[in-house]
Amino acid sequence: MKLTDDMRRVVLEQRLGFHATVCPDGTPNLSPKGTTSVYDDEHLFFAEIRSPRTIENLRANPAIEVNVVDPIVRKGFRFKGTATLHDGDEVHRRALELLRERDYGDYEERLRLIVLIRVERAEPLTSPAYDVGHTADELAAQYLEHYRSLHG
């Protein structure tokens, strides 16, 4: 499936994705990945820095789901797909170039693998607040105030 401009924008702006894989015993494993990014029109990727369980799970079962959500406006996307692991190949090299362009250079020395995710299905994620008529501007004001009060 082709990523829309809005999907690409949200992933590139947010950078943080929550990646769900399946453990050998069938239970879920959810792990945040701060290098979540767009590879091309059909793929997302992340750089493996400290994710041994995620990689172990993907070696056994390449199914993955990624959720990327803007916490201020409470909107994002759920991406379902299949992952492949890359080390030292063209995918790895290109992903490193993309990360450098997107200012992730501080982590380059620690990157071990690139996990490329072929997006097979994507669905929007929105807060139930939209169901009762709230707007993105209203939610942004509410959550910006909330986060300011936490760190104020």
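Here goes a summary of the coordinates provided.

About the criteria used
- Residues numbered from 1 in each chain as written.
- Predicted model: local features only at pLDDT ≥ 70, side-chain atom pairs only at ≥ 80, totals over all residues.
- Heavy atoms only, no water.
- Helix = DSSP H or I, 4+ residues; strand = E, 2+ residues; numbered from the N terminus.
- Expected span 1.5 Å × (residues − 1).
- Buried < 20%, exposed > 50% of the residue type's maximum accessible area, 1.4 Å probe, protein only.
- Arc of directions from axis to C-beta.
- Pairing = 2+ DSSP bridges.
- Contact = heavy atoms within 4.5 Å.
- Core = buried A, V, L, I, M, F, W, Y, C linked by side-chain atoms within 4.5 Å.
- Polar contact = N/O pair within 3.5 Å; in protein donor to acceptor, adjacent residues only side chain to side chain.
- Axes fitted to C-alpha atoms, helices over the stretch in contact; angles between N-to-C directions.

Moving on, we come to helix H4 (residues 136-151). Over its 16 residues, H4 runs 22 Å from end to end, which matches the ideal 22 Å to within 8%, given 1.5 Å per residue. Of the positions making up H4, those classed as buried are Leu139, Ala140 and Tyr143. Buried residues along H4 cover an arc of 100° about the axis, so they all sit on one side. In H4, those exposed residues whose orientation departs by more than 90 degrees from the buried face are Asp137, Ala141, Arg148 and Ser149.

Both strand E4 (residues 43-48) and strand E7 (residues 113-126) contribute to a ladder of 6 bridges, which runs antiparallel. Its bridge partner lying in E7, Phe46 is registered against Val115. Of the pairings in the sheet, the one linking strand E6 (residues 75-86) to E7 comprises 12 bridges and is antiparallel in character. Bridging from a neighbouring strand, Gly81 pairs with Val119 of E7.

Within helix H1 (residues 5-14), burial applies to Met7, Val10 and Val11. For H1, the angular spread of buried residues about the axis comes to 95°, placing them on one side. Where the residues of H1 are buried, they touch strand E3 (37-40), E4, strand E5 (63-70), E6 and E7. Arg15 sits one or two positions beyond H1 and adopts a positive phi of about 70°.

Of all hydrophobic cores here, the largest spans 20 residues; its most connected members are Leu3, Leu44, Ile64, Phe79, Val115 and Ile117. Elements with a minimum of two residues in this core: H1, E4, helix H2 (52-60), E5, E6 and E7. It is E7 that provides the largest number of residues to this core, a total of 5 residues. Those residues in contact with Ile64 that sit more than four places away from it in its chain are His19, Ala20, Thr21, Phe46, Leu58, Phe79, Lys80, Gly81, Thr82, Ala83 and Ile117. One finds Tyr39, Phe45, Ala95 and Leu98 within the second-largest nonpolar core, a separate group that totals 13 residues.

Turning next to the environment of Arg9. When you line up the elements, Arg9 lands in helix H1. Placed 67 residues apart in sequence, Arg9 and Gly76 show a C-alpha to C-alpha distance of 10.0 Å.

For Ser31, the location among the structural elements is in strand E2 (residues 28-33). With 20 residues separating them along the chain, Ser31 and Ser51 place their C-alpha atoms 8.1 Å apart. Other than its neighbours up to four places away in sequence, Ser31 contacts Gly17, Phe18, His19 and Thr54. Looking at Ser31, its side chain comes within polar contact range of the side chain of Lys33, at 2.8 Å.

With that out of the way, let us pick up the sheet that holds E6. On the basis of which strands lie adjacent, the open sheet formed by 7 strands has the order E2-E1-E5-E6-E7-E4-E3 and antiparallel pairing. Each having just a single partner strand, E2 and E3 make up the two edges of the open sheet. The average angle at which neighbouring strand axes cross in this sheet is 35°, direction not considered. Each of E3, E4, E6 and E7 is contacted by helix H3 (residues 90-101), which is oriented at about 130° to E3, the strand it contacts most.

One non-glycine residue, Arg15, lies in the positive phi region at around 70°. Counting through the fold element by element, Arg15 comes out in the loop between H1 and strand E1 (17-22). The phi dihedral of Arg74 falls on the positive side, at around 60°, and the residue is not glycine. Mapped onto the elements, Arg74 comes out in the loop between E5 and E6. Looking at Arg74, the relative accessible area reads 25%, which means it is partly exposed.

Remember, this is a structural readout, not a statement about activity or role.
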